Amino acid sequence: MNKILVCCIVVFACTGFVLKCESVATHFLSEVPFNFDFGVPIIKVTIDSNEYDFLFDTGMPTAVSKSISEKLKLKNSRIGSGKDVLGNAHQENFVVVNRTEVGGVGFDDVEALTLDFSSSIELGCLKLDGVIGNNIIKEAVWEIDYERKVIRLTDDIANFEMPENASEIKFKTNAKRGYFSPNIDVVVNNKKRKGVKFDTGSSGGVRLPLAYFSSVIDSTKSVEYYGKATVSVYGDGQNKRFVDSKVKTLEIGDLELQSYHVTFHENAPTVGNLLFKDFKLIINYEDSKMYLIEQKELENEKIENFGFQTRVIDQKAFVSIVYKNSEAEKLGLQLGDEILSLNGIKLTNLISKDVCFYLQNNPLKSNETVDVVYVREGKEYSLQLKKQILLQ
């Protein structure tokens with residue numbers, strides 16, 4: 001994990017919405033490819049004979065962009081309030097989509113919330129038209145093949161191959177209240193946390209409450225940092241404390257991992273695609289179970305970087321994360337410092353195209369040193385940093 005220029009862990013984990021959907025198809029098996037360039041699955045969806053790009057997201061209900069809602073003249077159904085994974089609350093309009101097709105399979109009378117997917121430059125890079133959310137996902141059985149980058153859907157789980165070594169994970173929803181986000185139990189070093197959101201809309205990995213697990217974190221196998229590390233649908237929240245740790249044991253259902261990298265933080269707990277991407281994932285709401293089928297050896301990346309990360313605000317790059325006891329912190333780099341250049345690469349007057357490129361392609365990945373020019377309170381500073389292995 002050596003991103004430096006732009007830090008973006010995209011999380012669309014909204015709660016507080018009650019939405020409806022009806023599936024009219026039976027005896028179906030279909031397949032749709034997905035794009036995974038930004039660490040979240042984005043698929044093609046058809047509405048009124050038009051094709052759109054939708055995020056496949058178990059962590060939130062179905063949504064459409066405000067521009068698509070206006071274009072299709074979708075009928076408003078009601079106004080409701082919701083809260084994202086960072087605790088940001090917002091009032092939204094709800095609309096009804098007469099028919100939404102995924103891989104040729106139709107879902108009728110889908111209630112969806114309308115969102116602004118350009119609320120931050122990072123979210124804008126995804127170029128989303130909407131979200132296939134859990135009120136649609138619950139109407140079928142889904143298989144996400146991360147190796148082939150395809151999503152299959154059916155009405156009969158027998159259509160999917162289920163090897164004996166598949167890890168079974170039970171989940172719960174609050175269906176009585178109309179909330180369908182799957183919540184699971186996660187055990188770290190023999191301590192269990194219930195109600196962790198299983199979230200395919202997150203590009204992060206296993207992210208759990210810091211205060212709850214503080215007693216079982218090994219400080220000798222951890223690195224602490226502070227700032228803003230998460231972008232959500234309603235904003236980026238406040239500066240927070242984070243601890244990345246190699247835990248002795250991690251258990252999620254039948255899945256048992258040793259010496260695995262877990263992030264402990266002060267936001268809502270989630271498990272995202274950084275873990276899922278090494279598996280084939282099957283989601284079956286009928287029996288409230290998911291299955292993980294290992295496709296390749298798990299990547300448990302070391303944390304190696306220059307001790308800081310940045311975000312872009314108003315076409316400028318600012319320090320958004322600083323690692324505690326890193327060389328960057330010791331030499332005085334602070335949250336909010338504006339980065340003018342890195343190794344001569346100018347980061348002023350950035351356009352969205354540049355930012356999106358840097359999100360996917362770290363220009364400093366192969367560098368062992370970086371020359372940083374930054375400004376604070378109108379005064380310009382420079383320093384040189386060496387890449388550090390912060391967590392092995």
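Residues numbered from 1 in each chain as written. Predicted model: local features only at pLDDT ≥ 70, side-chain atom pairs only at ≥ 80, totals over all residues. Heavy atoms only, no water.

1. Description of the overall build of the protein chain
- When helices and strands are tallied, the protein chain shows 7 helices and 32 strands.
- Relative to its 392 residues, the protein chain shows a buried fraction of 54%.
- Long-range pairs, those at least 24 residues apart, make up 66% of the contacts in the protein chain with a sequence separation of at least 6.
- If you sum the accessible surface of the protein chain, you get close to 17200 Å²; carbon and sulfur atoms cover 44% of it. (Helix = DSSP H or I, 4+ residues; strand = E, 2+ residues; numbered from the N terminus. Buried < 20%, exposed > 50% of the residue type's maximum accessible area, 1.4 Å probe, protein only. Contact = heavy atoms within 4.5 Å. Areas by Shrake-Rupley, 256 points an atom, 1.4 Å probe, with all protein chains shown as cover.)

2. Overview of the state of the cysteines
- Overall, the coordinates contain 1 disulfide when judged by the stated rule.
- Between Cys125 and Cys356 runs a disulfide, and the two sulfur atoms are separated by 2.1 Å. Residues Cys125 and Cys356 are joined through a disulfide that is left-handed, its torsion about the S-S bond being -95°. Of this pair, Cys125 sits in helix α2 (residues 121–125) while Cys356 sits in helix α7 (residues 352–360), and the two are 231 residues apart along the sequence. Assigned by exposure class, Cys125 and Cys356 land together as buried. (Disulfide = S-S within 2.5 Å.)

3. What to know about α7
- Within α7, burial applies to Val355, Cys356, Tyr358 and Leu359. What you see down the axis of α7 is that its buried residues fit within an arc of 165°, all on one side.
- Contacts made by the buried residues of α7 are with α2, β26 (308–313) and β29 (345–346). (Arc of directions from axis to C-beta.)

4. Comments concerning the pairing of strand β3 (residues 29–35)
- Of the two faces of β3, the one holding Ser30, Val32 and Phe34 is buried and the one holding Leu29, Glu31, Pro33 and Asn35 is not buried anywhere.
- Across 5 bridges, the pairing between β3 and strand β12 (residues 150–154) is antiparallel. Bridging from a neighbouring strand, Glu31 pairs with Arg152 of β12.
- The pairing of β3 with strand β4 (residues 42–47) spans 2 bridges and is classified as antiparallel. (Pairing = 2+ DSSP bridges.)

5. Concerning the nonpolar core
- Ranked by size, the top nonpolar core spans 60 residues in total, and within it Trp142, Ile184 and Leu250 carry the most contacts.
- Per-element tally for this core: the top contributor is strand β21 (residues 255–265), with 5 residues.
- Those residues in contact with Ile184 that lie beyond four places of it in its chain are Ile169, Lys170, Phe171, Arg193, Lys194, Gly195, Val196, Phe198, Ile252, Val271 and Met290.
- By size, the runner-up hydrophobic cluster in this structure holds 20 residues, among which are Phe306, Leu333, Val355 and Leu385. (Core = buried A, V, L, I, M, F, W, Y, C linked by side-chain atoms within 4.5 Å.)

6. Structural notes on the environment of Tyr226
- Mapped onto the elements, Tyr226 comes out in strand β18 (residues 222–227).
- C-alpha separation for the pair Tyr226 and His265, spaced 39 residues apart in sequence, amounts to 9.6 Å.
- Excluding residues that lie within four positions of it along the chain, Tyr226 makes contacts with Lys240, Phe242, Ser320, Ile321, Val322, Lys324, Glu329 and Leu335.
- Among the polar contacts listed, one links the side chain of Tyr226 to the side chain of Glu329, at a separation of 2.7 Å. (Polar contact = N/O pair within 3.5 Å; in protein donor to acceptor, adjacent residues only side chain to side chain.)

7. Observations concerning the packing of aromatic side chains
- Going through the model one piece at a time under the given rule, you end up with 13 aromatic pairs.
- Between Phe36 and Tyr146, the ring centres sit 5.5 Å apart and the planes meet at 75°, which makes this aromatic pair edge-to-face. Of this pair, Phe36 sits in the loop between β3 and β4 while Tyr146 is found in the loop between β11 (141–145) and β12, placing the two residues 110 residues apart along the sequence.
- In this structure Phe36 comes out as buried when scored by relative accessible area, which is 16%.
- You can call Tyr146 buried: its relative accessible area is 4%.
- Ring centres of Tyr225 and Phe242 lie 5.2 Å apart, and the angle between their planes is 5°; on these two criteria the pair is classed as stacked. (Phe/Tyr/Trp six-rings, centres within 6.5 Å; stacked < 30°, edge-to-face > 60°.)

8. Structural notes on the pattern of salt bridges
- Applying the stated criterion across every chain, the model contains 14 salt bridges.
- For Glu111, the salt bridge identified is with Arg78, shortest N-O distance 2.9 Å. Separated by 33 residues along the polypeptide, Glu111 in strand β9 (residues 105–115) and Arg78 in strand β7 (residues 75–83) bring together distant segments of the chain.
- The partner of Glu224 in a salt bridge is Arg241, with the nearest N and O atoms 2.8 Å apart. Pair noted here: Glu224 is in strand β18 and Arg241 is in strand β20 (residues 240–252), with a separation of 17 residues, a long-range link.
- Linked through salt bridges whose partners overlap, the residues forming this network are Glu31, Glu143, Asp145, Arg148 and Arg152. (Salt bridge = Lys/Arg side-chain N within 4 Å of Asp/Glu carboxyl O.)

9. Notes on unusual backbone geometry
- The phi angle at Asp48 is positive, at roughly 50°, despite the residue not being glycine.
- With respect to the helices and strands, Asp48 occurs in the loop between β4 and β5 (50–56).
- Of note in this structure, Asn343 is not a glycine but carries a positive phi near 50°.
- Counting through the fold element by element, Asn343 comes out in the loop between β28 (338–342) and β29.
- Judged by its relative accessible area of 28%, Asn343 falls in the partly exposed class.

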